Amino acid sequence: MTEHFMPLDPQKIPRHVAIIMDGNGRWAQRRGLHRVRGHVAGAESVRVVTRLARKLGVSYLTLFAFSEENWQRPGMEIRVLMALLRRYLHRELSEMRDNRIALKAIGDLSQLPEAVQRDLEATIALTAEGARMDLTLALSYGGRSEIVQAVQSLAREVAAGLLAPEDIDAARFSRSLYTAGMPDPDLIIRTSGEYRLSNFLLWQSAYTELYVTETLWPDFREAELGKALETYQQRQRRFGLTQEQIEALEASNSRP
Ligand code: FPP
């Protein structure tokens, strides 16, 4: 592994890292290649970044692999992305099992081609046990749709008399999202220099640190992840408190 970054503090590795993998198309176009060649190179970044995240002790890695808006792309590009996803699942299964990585998926999975759904289900089942890291792929995912489906499921429970409206709080709401049971992301990384969330983890990112790099996703490898984590470790997360309150909390937590 090539490490061009400062040693990281093992106590401050973010528990949940989520990534908006952007810039595959531009990476290819700059080389005079077809856009889909960028996705092929991007799939290699997925492999490299997943391996390093696991090694560094990240517990949850969530990757925005296909948005609900991406269905509007040319049919050929969608087919290549679905084929790459299947190839990734087949090729990485043994590595996931060896390294105790559990595959998960969030999004409107019913929209995916049946073969992809089958491969996802199989990989999820075969990697579920004894996991040290969850690798969650957001597929046919949209943050607003996720919130809408959560509202609908809560409304159905209220209408059926199973839930009182006043019992709906933030924690109960979180449990109705695709990400139920996962901690909110500590860090969202976005590649290719765009400063927006693009409908990714809208509810879950309330207190998330954001890191944007100009690097295009196919060029985002070990050193780039190291840089992102190094920057994260230098941030002070305040969750709406004052600096003095944070320092007092840190002092009380570090007491023997
Ligand atoms: C954004 O680049 C990327 C995507 C829409 C798809 C991400 C897919 C991969 C990284 C490869 C396959 C995934 C897995 C999990 C194996 P873009 O095409 O929007 O780039 P552009 O903004 O430069 O056009």
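Described in the following lines is the structure provided in the data block. Remember, it's a predicted structure, so these values are computed and weren't measured experimentally.

Okay, the pairing of strand S6 (residues 209-212) next. Burial along S6 is one-sided: Glu209 and Tyr211 are buried, while Leu210 and Val212, pointing the other way, are not. Where strand S5 (residues 187-190) and S6 come together, four bridges link them in parallel fashion. Across the sheet, Leu187 pairs through a bridge with Glu209, a residue of S6.

Around the ligand, the structure places 16 residues, and the nearest of them are Asp22, Gly25, Arg26, Arg35 and Arg73. Within the backbone of Gly23, one N or O atom sits 3.3 Å away from an oxygen atom of the ligand. Here Arg26 contributes a backbone N or O atom positioned 2.7 Å from an oxygen atom of the ligand. When the ligand is considered free in solution it has 620 Å² of accessible area, and contact with the protein chains removes 92% of it. For the shell around the ligand, the elements supplying multiple residues, two or more each, are helix H1 (24-30), helix H2 (35-56) and helix H3 (75-98). It is H2 that provides the largest number of residues to the shell around the ligand, a total of four residues. Residue composition of the shell around the ligand, grouped by class: six nonpolar, six polar and four charged.

For the structure shown, the criterion picks out one cavity of 30 Å³ or more. Of the voids in this model, the largest cavity is the one considered here, and its volume is about 60 Å³. Taken together, Arg47, Thr50, Arg51, Tyr88, Glu92, Glu95, Met96 and Ile101 make up the lining of the largest cavity. Elements represented by at least two residues in the lining of the largest cavity include exactly H2 and H3. Residue contributions to the lining of the largest cavity peak at four residues, all from H3. When its residues are assigned to classes, the lining of the largest cavity shows three nonpolar, one polar and four charged.

This part is about the nonpolar core. Core analysis: the largest hydrophobic core is formed by 39 residues, its most contacted members being Ile19, Leu61 and Ile189. When residues of this core are assigned to their parent elements, the largest contribution, seven residues, is made by H3. Non-local contacts of Ile19, meaning those with residues more than four positions away in its chain, are made with Val49, Leu61, Thr62, Leu63, Phe64, Ile189, Phe200 and Trp217. Counting residues in hydrophobic clusters, the runner-up holds nine residues, among them Ala18, Ala138, Phe200 and Leu201.

What the rule picks out here adds up to 13 salt bridges. Taking the shortest distance from any N to any O, the salt bridge between Glu209 and Arg235 comes out at 2.9 Å. Taken together, the positions of Glu209 in strand S6 and Arg235 in the loop between helix H7 (222-234) and helix H8 (243-254) put the pair 26 residues apart, joining distant regions of the chain. Put simply, Asp22, Arg26, Arg190, Glu194 and Arg196 are held in one network by salt bridges that share partners.

Let's shift gears to the side chain of Asp22. Of note, Asp22 is situated in the loop between strand S1 (16-20) and H1. On the accessibility criterion, Asp22 (18% relative accessible area) is buried. Reaching out from Asp22, the side chain makes a polar contact with the side chain of Arg190 at a distance of 3.0 Å. Contacts of Asp22, omitting those with residues within four sequence positions, involve Arg190, Thr191, Ser192, Glu194, Leu216 and Trp217.

Further remarks concern the layout of surface pockets. One number sums up the size of the largest pocket: a volume of about 720 Å³. Along the walls of the largest pocket sit 31 residues, with Met21, Asn24, Phe64, Ala65 and Asn70 positioned nearest its centre. Here the residues of the lining of the largest pocket sort into 16 nonpolar, nine polar and six charged. Estimated volume of the second largest pocket: approximately 310 Å³. In this structure, the second largest pocket is lined by 13 residues; those nearest its centre are Lys12, Tyr232, Arg235, Arg237 and Glu250. In terms of residue class, the lining of the second largest pocket is made up of five nonpolar, two polar and six charged.

Conventions used here
Residues numbered from 1 in each chain as written. Predicted model: local features only at pLDDT ≥ 70, side-chain atom pairs only at ≥ 80, totals over all residues. Heavy atoms only, no water. Buried < 20%, exposed > 50% of the residue type's maximum accessible area, 1.4 Å probe, protein only. Helix = DSSP H or I, 4+ residues; strand = E, 2+ residues; numbered from the N terminus. Pairing = 2+ DSSP bridges. Near = heavy atom within 4 Å. Polar contact = N/O pair within 3.5 Å; in protein donor to acceptor, adjacent residues only side chain to side chain. Areas by Shrake-Rupley, 256 points an atom, 1.4 Å probe, with all protein chains shown as cover. Nonpolar A, V, L, I, M, F, W, Y, C, P; charged D, E, K, R; others polar. 1 Å grid on protein atoms, 1.4 Å probe; cavity = no way out; pocket = protein on both sides within 12 Å on 5 of 7 lines; lining within 4 Å. Points joined across faces, edges and corners; volume = space filled by probe spheres on them. Core = buried A, V, L, I, M, F, W, Y, C linked by side-chain atoms within 4.5 Å. Contact = heavy atoms within 4.5 Å. Salt bridge = Lys/Arg side-chain N within 4 Å of Asp/Glu carboxyl O.

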